[in-house]
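Below, each chain spelled out in residue letters.
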Amino acid sequence: MQDTLFKPARISVGKLVAGFALLLVLLMLFGVTQTYAQSVRAPGNAVNLDDGIEDGPSNALGDDSQSDFWRNFRGGDPNDIKQMISALPEGAVMTTTGEHWRLIRENYIRKYAGWFPLGVIGILLLYHLIKGKMRIPGGYSGNTLPRFNINQRVAHWFMAGVFIILGITGLIILLGRPLIAPYLGKEVNSILTSASMQGHNLFGPLFILALLWMFFKFVRGNFFQIVDLKWIFKLGGFFGGHVSSSQFNFGEKTWFWIVILVGIVMSVTGILLLFPWLVDDLRWLQLSTILHAGGAILLISVLFGHIYVGTVGMEGSLDSMLKGQVDENWAKAHHDLWYEEVTGKSATESADKEGIS
Amino acid sequence: MTFLQIVEGPLFYFAAAVFVLAAAWRVFGLIRMGRKRDISPPKGSAAAGFVKGNLRHFIPRGMFARRTWIHIIGGYSFHIGLFVLFFFGAFHIDFIKQYLGISWTPLPRWGFILVSEIAFAGLIVLWVRRISDPVMRLISDWDDHIGTWLTFLVMLTGCLALQQSHDVLRGIHMLFVDIWLIYFPFSRLMHAFTFFLSRGHTGATYGRKGMNP
């Protein structure tokens, strides 16, 4: 009975620990708030004593404009153009071009670079969905004409191979941090970037070799002519209608000169980035990275158009670079002036006879 | 055991064993095959023909040199380049020293890079010629393409690992080396060991007849 009356309350160990912890937290909170309260309010019995420290000089901030001061500190006289193009502006204590370069690279190049090739792919897809493959009028005739010799074809595919390696490795170097690191992790990005950098540096000089080879093998026939204006006005026949053209049409010529001219820029800037000790001024290297990235994006973007027309976009095109031969009907439809030059026959008359419109 | 330890350890030993045994078996088999006894009286030396046949084929005949200059330049660039890369690359000499205990003076890094570029240019030219020339394309089969691509990947992964900052890149290179070693004896890559036999056979046949091989 006594046992029943005076039965001790059963409190679990867990509840006891939780209660104790809660109490501890409340005490700590009280202590912390007390500490902060004391730090902002002087105790009631506090008195001001002379600590022997003298007052500092008055007007320490000065009367000059701080922004002018720092502007000159960074860049010297901002109105002097000569100073802007010198290695370090006269009177400047520090240069901020590196920061400007970083901002251009981060805020513009890395941010928008990927959208240009993707945009071109989107346009091509849309075009293909609407217009479909450009067929050879009248179909394959079975008769072929030699278009590119073996040296030209090898030069073309050599350039293509080197360009693909450079394009992939270059895109990883440029866009790895924003596109690979967040999804696959920094370690994977580090491995891919290290590999890409080595590959890019190794194949870069081969691009210069390929560029020279391409130039000498294809420059003949790639100079612009009056007939190219018709190609421009008729939008290359991509939206209907026949467009006369010689061995290379305006689009092909433009692509050739883009490759050559932008390729020269890529080569020069690539050499500077590969051998940075060739220049004293760091800003040449900063400019080189911007031009190199911009040129690469331009080349890669236009390349998609070139690949499209050369493969799925136009029937019979790939034969010229794989076999070196093109079908006669293809030649009449897309390069009638060249057909006439090579065969000595009229493209229109023979097309009429064969019912090609 | 890490990926690198596997590809540089047991897998490498297996691949090297397959390479040595199978390649030796094939070369020995070719030599053992012999040829039908020539009962005609010899008009010249077959042995001299064997040597001449080998040496003369290093230089293209005048009438073909102009037509095949890409092939010649590409072929020499690749083969000499690959030989120098393999035997004079500092990493390769270290690797050989690790297993065989012998070493020699390696190429400087800039030399290695330059030779790599020459070898890559040659290999790419050879392959793009293979796909661009209708006759070459016709006589090429999967073995030719696989052999070329495997060699290219071995070289490429090796160069991608040049920074030596990630074991996984070295591991990938070694994995392709192992695959290449296993594939080698059963493919046309064997021409590295058999070319002198085929050239020599032709040279000996012509030499015995007193003809210029």
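Residues numbered from 1 in each chain as written. Chains lettered and ligands numbered in written order. Predicted model: local features only at pLDDT ≥ 70, side-chain atom pairs only at ≥ 80, totals over all residues.

## Thoughts on the overall build of chain A
1) Next: Check the secondary structure of chain A and you find 15 helices and two strands.
2) Next: For chain A, contacts bridging at least 24 residues in sequence account for 65% of all contacts bridging at least 6. (Helix = DSSP H or I, 4+ residues; strand = E, 2+ residues; numbered from the N terminus. Contact = placed C-beta atoms within 7 Å.)

## Let's talk about the overall build of chain B
1) Next: Secondary structure assignment for chain B yields eleven helices and zero strands.
2) Next: In chain B, the succession of helices and strands from N to C terminus is α-α-α-α-α-α-α-α-α-α-α.
3) Next: In chain B, which comprises 213 residues, the share counted as buried stands at 28%. (Buried ≥ 20, exposed ≤ 12 C-beta atoms within 10 Å, placed from the backbone.)

## Let's talk about the interface of chain B and chain A
1) Next: At the junction of the two partners, chain B supplies 22 residues and chain A supplies 19 residues.
2) Next: Elements with a minimum of two residues in the side of chain B that touches chain A: α7 (109-132), α9 (142-160) and α10 (167-183) of chain B.
3) Next: Tallied by class, the residues present in the side of chain B that touches chain A amount to 14 nonpolar, five polar and three charged. (Nonpolar A, V, L, I, M, F, W, Y, C, P; charged D, E, K, R; others polar.)

## Here's the deal with the confidence of the model for chain B
1) Next: Scored by pLDDT, chain B comes out at a mean of 92, with 100% of its residues at no less than 70.
2) Next: The complex prediction reports pTM at 0.80, with the ipTM value standing at 0.88. (pLDDT = per-residue confidence, 0-100.)

## Side note on the confidence of the model for chain A
1) Next: With 74% of its residues at a pLDDT of 70 or more, chain A shows a mean pLDDT of 82.
2) Next: Scored below 50 in pLDDT, residues 1-9 of chain A makes zero contacts in the model with residues more than four places away or belonging to other chains.

## Some details on the environment of Ala47(B)
Residues and elements named next belong to chain B.
1) Next: Along the chain, the position of Ala-47 falls in helix α3 (residues 46-56).
2) Next: Accessibility expressed as a C-beta count within 10 Å gives 13 for Ala-47, which makes it partly exposed.
3) Next: Along the backbone, Ala-47 and Ala-23 are 24 residues apart, and their C-alpha atoms lie at a distance of 24 Å.

## Notes on the domain arrangement of chain A
Residues and elements named next belong to chain A.
1) Next: What the domain assignment reports for chain A is domain 1 (129-147 + 225-357) and domain 2 (149-218).
2) Next: Centre-to-centre separation of domain 1 and domain 2, based on C-alpha positions: 21 Å.
3) Next: Listing elements by their share of the side of domain 1 that touches domain 2, those giving two or more residues are α10 (250-274) and α11 (282-310).
4) Next: At seven residues, the largest contribution of residues to the side of domain 1 that touches domain 2 is made by α10.
5) Next: Residue composition of the side of domain 1 that touches domain 2, grouped by class: eight nonpolar, four polar and no charged. (Domains from an automatic or database assignment.)

## What about the environment of Thr343(A)?
1) Next: As for its position among the elements, Thr343(A) is in helix α14 (residues 336-343).
2) Next: Expressed as a C-alpha distance, the spacing of Thr343(A) and Glu328(A), which sit 15 residues apart in the sequence, is 9.8 Å.

## Focus: the nonpolar core
1) Next: Within the largest apolar cluster, 62 residues are counted, with the highest numbers of intra-cluster contacts made by Phe158(A), Val162(A), Ala119(B) and Ile124(B).
2) Next: Looking at this core, the elements with two or more residues in it are α7 (150-184), α8 (186-218), α10 and α11 of chain A together with α5 (69-88), α7, α9 and α10 of chain B.
3) Next: In terms of residues, this core owes the most to one element, α7(A), which gives twelve residues.
4) Next: For this core, the two domains that each supply at least three residues are domain 1 (129-147 + 225-357) and domain 2 (149-218) of chain A.
5) Next: If we ignore the near neighbours within four places in the chain, the residues touching Val162(A) are Phe203(A), Leu206(A), Phe207(A) and Ala210(A).
6) Next: Counting eight residues, the second-largest nonpolar core is a separate cluster that includes Ile136(A), Val326(A), Ala333(A) and Ala347(A). (Core = buried A, V, L, I, M, F, W, Y, C linked by C-beta atoms within 7 Å.)

## Digging into unusual backbone geometry
All names here are of chain B.
1) Next: Non-glycine residue Gln-164 carries a positive phi angle of around 55 degrees.
2) Next: As for its placement among the helices and strands, Gln-164 is situated in the loop between α9 and α10.
3) Next: Exposure remark for Gln-164: the 11 C-beta atoms within 10 Å place this residue in the exposed category.

## Re the packing of α8(A) against α7(B)
What describes two packed helices is the angle between their axes and the distance between those same axes.
1) Next: Where α8(A) contacts α7(B), the two axes come as close as 9 Å, and the packing angle between them is 55 degrees. In terms of axis orientation, α8(A) runs oblique to α7(B). Here α8(A) and α7(B) pass one another in a crossing that is right-handed. Within the contact between the two elements, α8(A) uses Leu202(A), Pro205(A), Leu206(A) and Leu209(A) and α7(B) uses Ile113(B), Ser116(B), Glu117(B), Phe120(B) and Ala121(B). (Axes fitted to C-alpha atoms, helices over the stretch in contact; angles between N-to-C directions. Parallel < 35°, antiparallel > 145°, perpendicular 65-115°, else oblique. Left-handed = near helix turned anticlockwise from the far one by under 90°.)

## Quick word on helix α6 (residues 115-131) of chain A
1) Next: The first and last C-alpha atoms of α6(A) sit 24 Å apart over 17 residues, in line with the 24 Å expected at 1.5 Å per residue.
2) Next: In the segment just after α6(A), Gly132(A) is the residue with positive phi, at about 75 degrees. (Expected span 1.5 Å × (residues − 1).)

## Observations regarding the packing of helix α2 (residues 10-33) of chain B against α10(B)
Residues and elements named next belong to chain B.
1) Next: At a minimum axis distance of 8 Å, the contact between α2 and α10 shows a crossing angle of 25 degrees. Taken as axis vectors, α2 and α10 run roughly parallel relative to one another. In this structure, α2 crosses over α10, and the sense of that crossing is left-handed. Together, Leu-11, Phe-12, Ala-15, Ala-16, Val-18 and Phe-19 of α2 and Met-174, Asp-178, Leu-181 and Ile-182 of α10 make up the contact between the two elements.
2) Next: Here the residues of the contact of α2 with α10 sort into nine nonpolar, no polar and one charged.

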